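Now for the letters of each chain:
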Amino acid sequence: MSVKCKASRKIRFAHIPADGNPGLTIMVTPSTLTYNTSKSVPLREVQIDVFQGDRKLSVNDFSCSALAATRTITKGLTWSYSKLSDSFKYRLAYEAGNDINISIPFTVTVNGVEYPHLIGVQTVKNGINGTGSDGRNGVWVPPMMLWSDYPDDYVFQAGDPASGDVRLDMVLVKAANGNLIPYYCLETHVKGDSPYSPETDTEFWAPADAGVYKCLATELLAAQNARIDFMSGQAIRVGNGAEMCGYFGAPTDTGAVFYTGANNVAQATFVVYKDGLIVAKSADIEGRISASTLDLKVSTAAAGAIPNGSLCFDVSSVKLPALASGYVRSIRIYNPLRTRTAPEDLTLIPENSTVKISTSLAFDIATSDNKTLAEYGKNGDVYLELLGININNVTTWTVNVLASSN
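Just so it is clear, the structure is predicted and the values come from calculations on it, not from any experiment.

Novice: When you look at the overall build of the protein in this model, what are you seeing that I'm missing?
Specialist: A count of helical and extended segments in the protein gives 0 helices and 30 strands. Out of the 406 residues belonging to the protein, those deemed buried represent 37%. The long-range fraction of contacts in the protein, counting pairs at least 24 apart against all pairs at least 6 apart in sequence, stands at 53%. Carbon and sulfur atoms make up 51% of the accessible area of the protein, which amounts to about 23,200 Å² in all.

See the structure below:
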């Protein structure tokens, strides 16, 4: 069985200008490509997306440089490119049997300013260091924990099947700056036999990013439990490309730490920010809501449309919607006196035949036709509440005048 891997990390680079304008965010997806030396791969794509603040730029607004002077980057690796309306794609092809471990520089140019970036390309072999026949004969690596959390009688194994080791132990050490640094075991030993931390114990430990175990290549990684304490890029994105979820260990340039419902924060339907702010397109909440303040949106719907906010300001016609069974809704209308001209009438329009409207608080006079409240429209100097409730699949709206000079 051949094993091939494509790194799926999406790296965001934020460029914040000094003039206070919205910063650039350049997304490279993925930032590293990994190939198995046993199989040629005719196409892998690296997508470049550029955002100015929350606005995604068109490919006409930025350009990407060539990866090499010719179509051959290095032996066994060639490139081309394609363009979408708002994305640029590098297209790379790999020829089996070539060992590659390079970083390919390129630049993204926006408004005459060049932003340098890198695409990593590396190859791996089947099995342990290429000696396994099908990739299944190697040792396993358990989830990493802090070295200090292991008991003194724990036996760290160095991953040598010939010596009977069934696993390779990798541990994490917290550096002085708080970063978690991975190390792998060089020689099987009992923790209590060596009192020194992997940072200084070079006999038994080596930094994982300096050894042969820095890459695990597999098409499928299945784990009942996974602990991830160190990730380059500090971001996880899952989804089908159009609708995704994103988790950020470090806040993005927008301050977001989680989003879902789209492939970017600006269009997401649900976003959580580092300061605790939650933005959602809608919410269905059962139970108690506690808040120190409540800010409700002013409707921006067109005249005669269903309001998209809790308060309608300066309106003369409103369409009242059918509600779900068991729900109520309050819509308030504020039409202040703005000029000395005559006030307009206010027209209330039912959305459909299941909606009835009463011009007072009485249900028995409610009917499913337009209702006109004389001189309660624009310039009417009135503040009123429309209260709707669905009972037996019929929504009844009533009118309560809270304040008026009429």
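Novice: Which parts of the structure should I look at to understand the confidence of the model for the protein?
Specialist: Reading predicted coordinates in detail is not appropriate for stretches of low pLDDT. Counting all residues, the mean pLDDT for the protein is 81, and 79% of those residues have values of 70 or more. Every residue in residues 1-12 scores below 50 in pLDDT, and together they form 53 contacts with partners more than four places removed in sequence or on other chains. Taken together, the stretch residues 127-138 has pLDDT below 50 and engages in 15 contacts with residues farther than four places along the chain or on a different chain.

Novice: Honestly, the sheet that holds strand E11 (residues 113-124) in this entry has me stumped. Any pointers?
Specialist: Two modes of strand pairing occur in sheets, parallel and antiparallel, and in both the strands are linked by backbone hydrogen bonds. Spatial ordering of the open sheet is given by E3-E11-E10-E6, a layout of 4 strands whose pairing is mixed. Looking along the sheet, the strands with just one partner apiece sit at the ends: strand E3 (32-36) and strand E6 (62-64). The average undirected angle you get between the axes of adjacent strands in this sheet is 20°.

Novice: I would appreciate a short explanation of the side chain of lysine 191 in the present structure.
Specialist: Turning to its location among the elements, lysine 191 is positioned in the loop between strand E16 (189-190) and strand E17 (205-207). No salt bridge is formed by the buried lysine 191, whose closest oppositely charged neighbour, aspartate 152, lies at an N-O distance of 4.4 Å. A polar contact of 2.7 Å, which involves the side chain of lysine 191, links it to the backbone oxygen of tyrosine 150.

Novice: In this structure, what is going on with the nonpolar core? I would like to understand it.
Specialist: Side chains of a nonpolar character, in soluble globular proteins, are inclined to be buried together. In this structure, Ile48, Phe62, Tyr90, Leu92 and Val108 are the most contacted members of the largest nonpolar core, which totals 29 residues. For this core, the secondary-structure elements that each account for two or more residues are strand E2 (24-29), E3, strand E4 (41-52), E6, strand E8 (77-83), strand E9 (88-94), strand E10 (101-110) and E11. Those residues in contact with valine 108 that sit more than four places away from it in its chain are Ile26, Ile48, Val50, Phe62, Ser63, Cys64, Val113, Glu114, Tyr115 and His117. The next biggest cluster of nonpolar side chains, apart from the first, holds 18 residues, and it includes Leu323, Leu348, Leu373 and Leu384.

Novice: Explanation requested: the sheet that holds strand E14 (residues 170-174) in the structure shown.
Specialist: Strand order in the open sheet made by the 4 strands is E12-E14-E15-E17, with mixed pairing throughout. Among the strands making up the open sheet, the edge pair consists of strand E12 (145-146) and E17.

Novice: I'm lost on the packing of aromatic side chains in this one. Help?
Specialist: We describe a pair of aromatic rings using the distance from one ring centre to the other and the angle between the two ring planes. Across all of its chains, the model carries 13 aromatic pairs by this definition. With centroids separated by 5.0 Å and ring planes inclined at 70°, the aromatic side chains of tyrosine 150 and phenylalanine 156 adopt a geometry described as edge-to-face. Classification of phenylalanine 156 as buried rests on a relative accessible area of 0%. By the ring-pair criterion, three or more aromatic residues cluster together here, those being Trp79, Tyr81, Phe88, Tyr90 and Phe106. Between the NZ or CZ atom of arginine 71 and the centre of the ring of tryptophan 79, over which it lies, the distance is 4.7 Å. We note lysine 191 situated over the ring of tryptophan 147; from NZ or CZ to the ring centre the distance is 4.4 Å.

Novice: Where do I start with the pairing of E3 in this structure?
Specialist: The two faces of a sheet get side chains in turn, since along a regular strand they alternate between them. Burial analysis of E3 places 5 of its 5 residues in the buried class, the great majority of the element. Of the pairings in the sheet, the one linking E3 to E11 comprises 5 bridges and is parallel in character. Bridge pairing in E11 places asparagine 36 opposite valine 124.

Novice: What's the story with unusual backbone geometry in this structure? I'm lost.
Specialist: Across the junction of threonine 29 and proline 30, the peptide omega takes the value -10°, indicating a cis bond. In this structure, asparagine 392 is a non-glycine residue whose phi angle is positive, near 55°. With respect to the helices and strands, asparagine 392 occurs in the loop between strand E29 (382-391) and strand E30 (394-404). Positive phi values are uncommon outside glycine, yet asparagine 393 reaches one of about 65°.

Novice: Could you clarify how one ought to interpret a nonpolar patch on the surface in this entry?
Specialist: A surface patch of nonpolar side chains, amounting to about 250 Å² of accessible area, comprises Ile236, Val238 and Tyr247. Position of valine 238 relative to the elements: it lies in strand E18 (residues 235-239).

Novice: Help me out: how do you make sense of the side chain of asparagine 379 in this one?
Specialist: By the secondary structure assignment, asparagine 379 is in the loop between strand E28 (371-373) and E29. Among the residues examined, asparagine 379 registers a relative accessible area of 9% and is labelled buried. Among the polar contacts listed, one links the side chain of asparagine 379 to the backbone nitrogen of arginine 338, at a separation of 2.7 Å. If we ignore the near neighbours within four places in the chain, the residues touching asparagine 379 are Asn335, Pro336, Leu337, Arg338, Thr339, Thr341, Ala342 and Pro343.

Novice: It is not clear to me how the pattern of salt bridges should be interpreted in this structure. Could you clarify?
Specialist: Close approach of charged atoms allows side chains of opposite charge to pair. Counted under the stated rule, the structure contains 7 salt bridges. Where aspartate 49 meets lysine 56, a salt bridge forms, and the shortest distance between an N and an O atom there is 3.2 Å. Aspartate 49 sits in the buried class, given a relative accessible area of 5%. The exposure class of lysine 56 is partly exposed, given its relative accessible area of 27%. In this structure, lysine 371 engages aspartate 369 in a salt bridge whose closest nitrogen and oxygen atoms are separated by 2.4 Å. The network of salt bridges with common partners includes Glu45, Lys89 and Arg91.

Parameters at a glance
- Residues numbered from 1 in each chain as written.
- Predicted model: local features only at pLDDT ≥ 70, side-chain atom pairs only at ≥ 80, totals over all residues.
- Heavy atoms only, no water.
- Helix = DSSP H or I, 4+ residues; strand = E, 2+ residues; numbered from the N terminus.
- Buried < 20%, exposed > 50% of the residue type's maximum accessible area, 1.4 Å probe, protein only.
- Contact = heavy atoms within 4.5 Å.
- Areas by Shrake-Rupley, 256 points an atom, 1.4 Å probe, with all protein chains shown as cover.
- pLDDT = per-residue confidence, 0-100.
- Pairing = 2+ DSSP bridges.
- Axes fitted to C-alpha atoms, helices over the stretch in contact; angles between N-to-C directions.
- Lys, Arg positive; Asp, Glu negative; His and termini not counted.
- Salt bridge = Lys/Arg side-chain N within 4 Å of Asp/Glu carboxyl O.
- Polar contact = N/O pair within 3.5 Å; in protein donor to acceptor, adjacent residues only side chain to side chain.
- Core = buried A, V, L, I, M, F, W, Y, C linked by side-chain atoms within 4.5 Å.
- Phe/Tyr/Trp six-rings, centres within 6.5 Å; stacked < 30°, edge-to-face > 60°.
- Lys NZ or Arg CZ within 6 Å of the ring centre and 35° of its normal.
- Patch = residues over 30% accessible without salt bridge, like charges linked within 9 Å, V, L, I, M, F, W, Y side chains within 5 Å.

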